[in-house]
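# Close look at the chain arrangement
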Amino acid sequence: MINNLVIVESPAKAKTIEKFLGKDFKVKSSMGHIRDLSKEDLGIDIKNNFKPRYIVPPDKKKTVADLKESAKNAKNVWLASDEDREGEAIAWHLYKELKLKKENTKRIVFHEISREAILHAIENFRGIDQNLVNAQQARRILDRLVGFEISPILWRKVKPSLSAGRVQSVAVRLIVEREREIINFKSTSSFRVNGVFEVHDKNKRIYFLKAELDERFPDRKKALDFVGHCRDAVFTITDIVKKPAKKSPSAPFTTSTLQQEASRKLGFSVSQTMTVAQRLYEAGLITYMRTDSVNLSNTALKAAEEIISKEYGKEYVNIRNYKTKSKGAQEAHEAIRPVYLSNSVVEGNATEKKLYELIWKRTIASQMSDARLEKTTVTVTVSGRKEKFLAEGEVMKFEGFLKVYLESSDEEAEEKSEVMLPPLETGSKLSYASITATEKFTHYPPRYTEASLVKKLEELGIGRPSTYAPTISTIQQRGYVIKEERPGKERQYNVILLEKGKIKETVSTEITGAEKGKLFPDNIGMLVNDFLVEHFTEILDYNFTALVEKEFDEIADGKSNWNDMIRKFYTPFHQKVEATLAKKEVTKAERLLGNDPLSGKPVYTRMARFGAVAQIGETNGEQKPRYAQLRKGQNIESLTLEEALDLFKLPRTLGLFEDSEVKVSTGRFGPYVLHESKFYSLHKGVDDPYTIELDRAVELIGEKREKDKNKVITVFKDPELSVLNGRWGPYISYKKENYKIPRGADPKALTYDDCMKIIQEAPVRKKKKK
């Protein structure tokens, strides 16, 4: 007989909790959700109340049976899943599936895994909050309805095997719209003028003052006129303004700000941040990591005050209470912080240590004094011109929180250092060392990173702390969005330099448009987005998605009925689905680029069965059209005729090897080398079919031959039977089926009879459903 059975979601959490409880408690894990909505039948009945049909997945049946047996023999069952809506839903599913009794079932929640928090939760147990359960249930059902009903439409109207989701589709729309802004962006140039002036002090020492002109010139002629005027101009300091300034620390981490900062400072993806944070939480090192609260408990504030006073001095202490500013914030627990602030470092792997240190620094800095600075602005006039040079300097008077931590931003290229100005006096005359006018170009809006996309979703009120990471992971897994690096392109710019009375004009080169870790919409992502925006405008509307989140909040607060909310959404939505299915047209992403100069045939770019292609000729013409796959990074909407024609340079003949022709081309499974009717794949990210040379192709042929040579261990008289080396080790191949070799058996020593015996004793395989 068990006195107390505690059920949590994960083994790691169970292990940590068990350390804080006595022998009277047995802690077990449910391994996450034990029930899921039936994929065959959601159990939706529009006319009556919604009664969703839940099932226990096959991989969870053993866990459920074990938990049922343990619960039968327990005096008390404590449901200790996480304190958010999903955790409440897990507790409810456990209660229902295990057929627990109300009188001995207790719900406990805590935002940190510590002895004090767990014992406090046990003393203050409650029942399951049905409002929170209903809010989570409404979210899951609404998302399933959208996915189940729209996905089949995409299969018929766009392309097989596609899928759609309520929040994911809106995230894709943001990325697609930003990409189109970039495609349509027209860059303009102007000239920025910088001056370096000589300053002499009383002891005749020379200092240099760097300043920038307060206006930019739209063209080369005006910039040249100004620089020419400066040759004989008089430069005078007419104003020196000193102003005190301050910088305040950022609030402690919420889920979204942690994801953003870990991306900027540590280079973590959003999903990696949440995985590492989950481990830290389950190990009892940080508080619950899904939150949009910036509050800290009184205990945490007191601990922070003691640590700051001891380590940095009392003048660095400034205890603050922050207020949540995010649109639609709804979580009630604390900000993300270390459970024990006295621990500035923890044991763990490198990623865990880095993320913990980031959380510790942010928490401590949030309770420290402002940094105090003195900013100086110097105005230098140019005789005979209305434009003025401005020089700005900054001196740190008191470090404050900057002694510990400075928040990063998406726009920063590098951290700005302190700029010291030389000793200056109003009315002083200056002589120039150099005046430089440099051509600068306007830049397109920045593409989203994972961090900036999370920030945008939060600003719009789309999604909640628990949904950001899965949303961003899903749109990449589905191939709608690609996260990658892209090289920039060379661009020339003009420079006009005045030095020692002489003007010199030069043309320099810079790399522009290089992208690192940015999110790009794939061609299929743009096609699906356009279809959904056209036919399901409301679902893709940013305000609608945010409004749905508010309705979930109202259900959680007990102010709204979840059945009514689903019915209100589903009735018009289902009618729209049926109307869209009834339409005969199929979506085609196709652009006419022009005509092929050699054949005179039209050149198109469009979406084909296996991806985006360029096409020469008509689909329904007398002659079969020629196709070429678009290269990585090429876009149906921005591809030019010249770029499309370049794609048809494949196949390329590289030369002769072993008296046979070597060709390179690309196909359904990517680029390859063709030699003696055999195919050799090019290495992804290394080899380019348009630039690869014969020597490299021969190297790839040799690599594949060596690999194939080592693949065969034994061949028998029966041509359908062989022992081979595979990716996961040796195996038996017989009649196009593969069989595992028992552990301990020597693959090289297997005889024909040994192999047949292993095949006969192998478990019967289930036939795959078509």
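First, a word on scope: everything that follows refers to the structure included in this document. Quick caveat, the model's predicted, so the values are computed rather than measured.

Thresholds, definitions, all that
Residues numbered from 1 in each chain as written. Predicted model: local features only at pLDDT ≥ 70, side-chain atom pairs only at ≥ 80, totals over all residues. Heavy atoms only, no water. Helix = DSSP H or I, 4+ residues; strand = E, 2+ residues; numbered from the N terminus. Buried < 20%, exposed > 50% of the residue type's maximum accessible area, 1.4 Å probe, protein only. Contact = heavy atoms within 4.5 Å. Lys, Arg positive; Asp, Glu negative; His and termini not counted. Charge placed at Lys NZ, Arg CZ, Asp CG, Glu CD. Core = buried A, V, L, I, M, F, W, Y, C linked by side-chain atoms within 4.5 Å. Polar contact = N/O pair within 3.5 Å; in protein donor to acceptor, adjacent residues only side chain to side chain. Expected span 1.5 Å × (residues − 1).

We now examine the overall build of the protein chain. Secondary structure summary: the protein chain contains 19 helices and 28 strands in total. Referenced to the eigenvectors of the C-alpha coordinate spread, the extents of the protein chain come out at roughly 95 × 80 × 60 Å. Scored against the burial criterion, the 770 residues of the protein chain give a buried share of 48%. Long-range pairs, those at least 24 residues apart, make up 70% of the contacts in the protein chain between residues at least 6 apart in sequence. With 133 positive and 112 negative side-chain charges, the protein chain shows a spacing of 3 Å between the two charge centroids.

Grouped together as the largest cluster of nonpolar side chains are 141 residues, with contacts concentrated most on F110 and L355. In this view, F110 contacts K13, I17, A80, E83, A117, I118, A121 and Y281; residues no more than four positions away in its chain are not counted. Counting residues in each nonpolar core, the second largest holds 26 residues, with F217, L430, I435 and I496 among its members.

Bringing the environment of S473 into the picture now. Mapped onto the elements, S473 comes out in helix 13 (residues 468–477). Sequence separation between S473 and Q168 is 305 residues; the distance between their C-alpha atoms is 9.4 Å.

Attention now moves to the environment of R486. Take R486: it is sitting in strand 13 (residues 481–486). Sequence separation of R486 and L145 is 341 residues, and the distance between their C-alpha atoms is 37 Å. Residues within four places of R486 in sequence aside, it is in contact with G513, A514, E515, F520 and G633. Of the polar contacts made by the side chain of R486, one reaches the backbone oxygen of G633; its length is 3.5 Å.

So, about helix 3 (residues 85–97). Each α-helix turn comprises 3.6 residues. Residues three or four places apart therefore point the same way. Over its 13 residues, helix 3 extends 18 Å from the first C-alpha to the last, a length consistent with the 18 Å expected when each residue adds 1.5 Å. Positive backbone phi, approximately 55°, marks K99, located one or two places after helix 3.

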